[in-house]
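A look at the structure
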Amino acid sequence: MHEVPPPTSTSTPAPAPGPSSSAVPAEPLSHGLKQRHLTMLGLGGVIGAGLFVGSGAGIAVAGPAIVVSYLIAGALAMLVMRMLGEMSAAMPASGSFSVHAERALGRWAGFSVGWLYWFLLVVVLAVEATAAAQIAHGWVPGIEPWAWVLLFMVVFTAANLTAVKNFGEFEFWFASLKVGAIVVFLVLGLLAVFGWLPDTDPVGMTNLTGQGGFLPNGWGGVVSGVLTVVFAFGGLEVVTIAAAETDDPARAVGRAVRSAVVRILFFYVGSMLVIVTVLPWTAQQAGLSPYVKVLDAIGVPSAGQIMNIVVFVALLSALNANLYGSSRMIFSLAERGEAPRGLLKVSGGGSRESTGGVPRRAVLASVAFGFVSVLLNLLWPDTVFLYMLNSVGAVLLFVWALIAASQLRLRARLEQEAPEALSLRMWCFPYLTWVTLAGLFGVLLLMLTDEAARPQVLWSAGATALVLLVAVGRQWRERRSSAVADR
């Protein structure tokens with residue numbers, strides 16, 4: 001079991017030492033992840049059902065200008081990841097942005113963002129498990145969806161309990177399939193646009209300007225599109241959590257962030273450009289995969305089943321990544337005394353061999369709540385679970401905002417105390433950091449004006465306020481106990 005000195009209070013936040021500092025004890029976790037695992041996790045971590053299926057809703061409200069919506073949302077995500085990459089390369093930790101928030105803003109921030117992100121992952125895990133089970137039930141109707149959910153949870157729990165390299169291998173091959181599917185889609189789409197497929201005529205650019213033009217619903221449609229697609233970029237954060245379990249965390253996270261953000265933006269924006277060029281935007285429907293529509297239009301046989309397989313893999317990949325990310329986040333909270341210390345026990349006594357250093361109790365704690373979430377989703381999807389889902393609906397934006405606020409504080413401190421640790425730097429600091437913060441608050445304000453999105457903001461704000469209240473209450477009790485002890 002790994003003990004960590006108690007962190008400093010909010011009034012005197014802990015300094016942000018460089019990697020060589022002895023102020024931050026080494027993680028007892030395994031170093032079984034390779035650079036290829038981390039790079040592919042970065043590429044595939046955000047390519048999920050939100051892109052393959054959910055993008056249809058964005059096209060329905062923005063038309064061809066969904067490309068602009070993705071550019072705006074992707075730019076926000078790219079800037080946040082650059083900031084997170086800078087901090088993680090300088091100070092790798094299994095808790096990533098939770099640790100950074102604590103060092104920059106105080107214990108209340110680290111506690112709040114850590115528990116909120118953990119709650120977000122275990123709730124979303126239930127959605128992914130249930131959706132994957134529905135697809136599997138369609139293939140094998142004789143097996144009930146709940147049995148598929150149980151199978152998925154058991155398999156991925158076992159994979160996460162054995163060795164971190166198993167998680168890495170699962171994610172490497174899952175992500176490879178998703179990335180490969182998008183590359184093939186982009187190639188086929190471009191061939192269709194130029195009329196280079198058998199028995200096809202060039203599509204040209206007519207679908208970009210027809211049916212109401214490039215902005216059929218004006219800039220309001222672009223804004224609505226941003227609200228629809230921005231959450232599809234969530235998931236990149238797991239890369240910086242996983243970096244702590246590589247042999248060279250600082251170098252690994254820097255390379256993964258550099259390669260991931262630009263390529264993902266290319267995949268997302270490129271896919272949308274192909275979709276709205278090949279087919280009129282009016283042909284798309286919310287809830288139906290625009291990828292299937294395009295593949296059907298250009299004559300790819302069994303397009304629906306092919307995309308079902310890709311979406312199925314994407315859901316299982318996200319489930320696996322969320323289980324991993326949640327276990328490491330709660331492990332990091334336990335390291336800093338913000339979660340039960342019993343969760344610090346790791347397999348192999350903290351060995352860094354590939355078979356040791358796995359926080360099994362943290363994995364089991366995360367999957368236990370994951371099972372509860374799945375049960376609530378199966379029994380009360382429109383009541384209890386809907387409230388839980390709404391309560392984490394905007395948490396990702398709160399997490400991103402705290403990442404930006406933390407980077408503002410830590411960058412200045414690192415430049416004074418450990419400038420050599422800044423191997424990856426945020427562009428145009430601090431101006432782009434402030435622009436990012438303004439953009440995130442702008443998205444939140446726009447969500448408040450949107451009738452469909454407003455409940456998510458309000459419920460998420462309520463959940464955040466509750467966690468903050470607990471954090472402040474804990475800190476007040478600790479200060480009061482210290483004051484009594486000093487008398």
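Note that the structure is predicted; figures quoted are calculated from it, not measured.

Counting secondary structure elements, the protein chain contains 19 helices and zero strands. Computed over its C-alpha atoms, the radius of gyration of the protein chain comes to 23 Å, within 12% of the 23 Å expected for a compact globule of 487 residues. Based on the C-alpha atoms only, the size of the protein chain along its principal axes is roughly 85 × 50 × 45 Å. Per-residue burial over the protein chain gives 55% buried out of 487 residues. Sequence-distant contacts, at least 24 apart, represent 80% of the contacts inside the protein chain between residues at least 6 apart. Charged side chains in the protein chain number 29 positive and 26 negative. The centres of these two groups are separated by 8 Å.

Quick look at the packing of aromatic side chains now. For the structure on display, the rule yields 21 aromatic pairs. Taking 5.5 Å as the distance between ring centres and 50° as the angle between the ring planes, the aromatic pair formed by tryptophan 118 and phenylalanine 369 counts as tilted. You can see tryptophan 118 sitting in helix α6 (residues 107–139) and its partner phenylalanine 369 sitting in helix α15 (residues 360–379), a full 251 residues away along the chain. Since its relative accessible area comes to 9%, tryptophan 118 is described here as buried. What makes phenylalanine 369 partly exposed here is its relative accessible area of 27%.

Here we take up the environment of glutamate 169. Of note, glutamate 169 is situated in helix α8 (residues 164–193). Along the sequence, glutamate 169 and alanine 368 sit 199 residues apart, while their C-alpha atoms lie 23 Å from each other. Excluding anything up to four places from it in sequence, glutamate 169 contacts Arg36 and His37. In this structure the side chain of glutamate 169 is engaged in a polar contact, spanning 2.7 Å, whose partner is the side chain of histidine 37.

So, on to the packing of helix α4 (residues 66–90) against helix α10 (residues 218–229). Running from amino to carboxyl end, α4 crosses α10 at an angle of 50°, the nearest separation of the two axes being 8 Å. Between α4 and α10, the angle is such that the two are oblique. The handedness of the crossing between α4 and α10 comes out as right-handed. In contact with Ile66, Val68, Ser69, Tyr70, Ile72 and Ala73 of α4, α10 contributes Trp219, Gly221, Val222, Gly225, Val226 and Val229. Residues that form the contact of α4 with α10 fall into these classes: nine nonpolar, three polar and no charged.

This paragraph deals with the side chain of threonine 130. Within the fold, threonine 130 resides in helix α6. Ignoring anything within four residues of it in the chain, the contact list for threonine 130 reads Val149, Asn377 and Leu378.

This brings us to the side chain of serine 98. Structurally, the position occupied by serine 98 is in helix α5 (residues 97–105). A relative accessible area of 0% means that serine 98 is categorised as buried. In this structure serine 98 touches Gly110, Val113, Gly114, Met329, Leu333 and Arg336, once residues within four positions along its chain are discounted.

Per-residue confidence for the protein chain gives a mean pLDDT of 84, with 92% of residues at or over 70. Highest mean pLDDT in the protein chain belongs to helix α18 (residues 431–449) (95); lowest belongs to helix α1 (residues 35–44) (80). Per-residue pLDDT stays below 50 along residues 1–26; that stretch engages in 54 contacts with residues further than four places along the chain or on separate chains. Predicted confidence is poor over residues 349–355, with pLDDT under 50, and the contacts of this stretch with residues over four places away or in other chains come to 19 contacts.

Look at α8: 43 Å from first C-alpha to last across 30 residues, which is about the 44 Å you get at 1.5 Å a residue. Just beyond α8, the residue with positive phi is glycine 195, at close to 70°.

Next up on the list: unusual backbone geometry. Each neighbour pair has its own omega, and for phenylalanine 429 with proline 430 the value is 0°, a cis peptide bond. Here proline 430 is to be found in the loop between α17 (395–417) and α18. In the Ramachandran plot, glutamine 211 falls in the positive-phi region, its phi being about 50° despite a non-glycine side chain. Looking at the element boundaries, glutamine 211 is found in the loop between α9 (206–209) and α10.

What counts, and where the lines are drawn
- One numbering rule holds for all chains: residues counted from 1, following each sequence as written.
- Residues qualify for local features only when their pLDDT is at least 70, as the model is predicted, and side-chain atom pairs are given and counted only at 80 or more; totals for whole chains, interfaces and linings, by contrast, use all residues.
- Hydrogens are left out, water is left out, and the side-chain values use all remaining heavy atoms of the structure.
- A run of DSSP states H or I qualifies as a helix once it reaches four residues; a run of E qualifies as a strand once it reaches two. Both are numbered from the N-terminal end.
- For this measure, only C-alpha atoms enter the radius of gyration; the expected value for a globule follows 2.2 Å times N^0.38, where N is the number of residues.
- Burial here depends on accessible area, computed with a 1.4 Å probe over protein chains only, as a share of the maximum for the residue type. Under 20% is buried, over 50% is exposed, and the range in between is partly exposed.
- Only heavy atoms enter the contact rule, under which two residues are in contact if any of them lie within 4.5 Å.
- In summary, the charge assignment counts Lys and Arg as positive and Asp and Glu as negative, without counting His or the chain termini.
- A charge is said to be at NZ when it belongs to Lys, at CZ for Arg, at CG for Asp and at CD for Glu.
- Note on ring pairs: Phe, Tyr and Trp rings are taken, using the six-membered ring of Trp, and paired if centres are within 6.5 Å. Classes follow the plane angle, with under 30 degrees stacked, over 60 edge-to-face and the rest tilted.
- Counting of polar contacts relies on pairs of N or O atoms within 3.5 Å, with two restrictions inside protein: one atom must be capable of donating a hydrogen and the other of accepting it, and residues adjacent in sequence are counted only when both atoms are side-chain atoms.
- Helix axes are fitted only over the stretch in contact, all axes being lines through C-alpha atoms; the angle between N-to-C directions runs from 0 to 180 degrees.
- Our angle categories are set so that under 35 degrees counts as roughly parallel, over 145 as roughly antiparallel, 65 to 115 as roughly perpendicular, and the remainder as oblique.
- Note: crossing handedness is left-handed where the near helix turns anticlockwise from the far helix by less than a right angle, and right-handed where it turns clockwise.
- Nonpolar residues are Ala, Val, Leu, Ile, Met, Phe, Trp, Tyr, Cys and Pro. Charged residues are Asp, Glu, Lys and Arg, and all others, Gly as well, are polar.
- pLDDT measures how confident the predictor is about each residue, on a scale from 0 to 100.
- By this rule the span expected of a helix is its residue count minus one, scaled by 1.5 Å.

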